[in-house]
Amino acid sequence: MTRFIAFCAALALALVLTPSPVTAERARDVLAQMNAARTDPQGYAEHLREFRSRFRGRNYTVPCSRTRIVTHEGTAAVDEAIRFLLRQRPISPLAWSDGLARAAAAHVGVQGRNGETGHGEGQGGMRARIERQGTWKKTIGENIGYGPDNARAVVIQLIVDDGVPGRGHRKNIFDPAFAVAGVACGPHPVFGTVCVIDFAGGFSD
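Residues numbered from 1 in each chain as written. Predicted model: local features only at pLDDT ≥ 70, side-chain atom pairs only at ≥ 80, totals over all residues. Heavy atoms only, no water.

Per an unreviewed UniProt entry, the protein chain is named SCP-like extracellular lipoprotein, and its organism is Geobacter sulfurreducens.

Spelled out as structure tokens, the structure:
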């Protein structure tokens, strides 16, 4: 019961346009949730089983509210994600990168103003944003989650990857080539919340 109350309280926290202790803490929590999934995928499957229990057909309820979300694939995508986690070998956790977090925050700021989605183009694209903050090594990638305002819900959304045929967001989370990541979250005028996660094999500010 204590965990459930704490989870509900987290969902009730308000977001503001500029970075705040709430959004900064959520960003760190998103990284912690990804690392929990990377280092103990079988254990993390339990969170997806709880998530699955909220479905009625292709819809699921948001904890602590009457909001219902319509998915593309329903429980089929959740079941597939659980099977993936049960097969997945543990991998090393991601280290936090301030530079990648700044790159992510730049995109959160833009989309928080214009309400757009996606990874941007040109000077607003992922690579340009990351390279303005420093030098990346080996490889880079980006995940963006829209809607959930709780760190675990953000990561579950990206692992399930409902409606994404290649499960690209999931692949990024479990890519062993990524060693560092930065996260930023903020308000989005259409979806309520946006969280941007930038990954790299290494990063120097």
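Turning our attention to the pattern of salt bridges. On inspection of all chains with the given rule, the structure shows 10 salt bridges. A salt bridge links arginine 129 to glutamate 142, with the shortest nitrogen-to-oxygen separation between them at 2.9 Å. A residue pair is termed long-range when its members are at least 10 positions apart, and arginine 129 in helix H6 (residues 126-131) and glutamate 142 in strand S5 (residues 135-146) qualify at 13 residues. Residue classification places arginine 129 among the buried residues on the basis of a relative accessible area of 3%. Between aspartate 198 and arginine 129 there is a salt bridge, with its nearest N and O atoms 3.8 Å apart. Linking aspartate 198 in strand S7 (residues 192-204) with arginine 129 in helix H6, this pair joins segments that are 69 residues apart in sequence. (Salt bridge = Lys/Arg side-chain N within 4 Å of Asp/Glu carboxyl O. Helix = DSSP H or I, 4+ residues; strand = E, 2+ residues; numbered from the N terminus. Buried < 20%, exposed > 50% of the residue type's maximum accessible area, 1.4 Å probe, protein only.)

This paragraph deals with the nonpolar core. Ranked by internal contacts, the top residues of the largest apolar core, which has 35 residues, are Val30, Met34, Leu48 and Ile159. Breaking this core down by element, the ones donating at least two residues are helix H2 (21-39), helix H3 (41-52), helix H4 (75-87), helix H7 (151-160), strand S6 (180-188) and S7. By residue number, the principal contributor to this core is H7, which donates 7 residues. Apart from the residues within four sequence positions on either side, isoleucine 159 is in contact with Ala37, Tyr44, Leu48, Ala81, Leu85, Arg170, Ile173 and Phe174. (Core = buried A, V, L, I, M, F, W, Y, C linked by side-chain atoms within 4.5 Å. Contact = heavy atoms within 4.5 Å.)

Moving on: the state of the cysteines. Within the structure shown, the criterion is met by 1 disulfide. There is a disulfide in this structure between cysteine 185 and cysteine 195, and the S-S distance comes to 2.1 Å. Disulfide cysteine 185 to cysteine 195: torsion about the S-S bond roughly 110°, handedness right-handed. Note that cysteine 185 is positioned in strand S6 and cysteine 195 in strand S7, a separation of 10 residues in sequence. You can call cysteine 185 buried: its relative accessible area is 9%. (Disulfide = S-S within 2.5 Å.)

The strand order across the open sheet built from 4 strands is S4-S6-S7-S5, with neighbouring strands paired in mixed fashion. Two strands in the sheet have a free side with no partner beyond their single neighbour: strand S4 (95-96) and S5. In terms of strand pairing, S5 meets S7 through 10 bridges, oriented antiparallel. Of the residues in S7, the one forming a bridge with threonine 135 is serine 204. Contacting S5 and S7, H7 crosses the sheet at an angle of about 105° to S5. (Pairing = 2+ DSSP bridges. Axes fitted to C-alpha atoms, helices over the stretch in contact; angles between N-to-C directions.)

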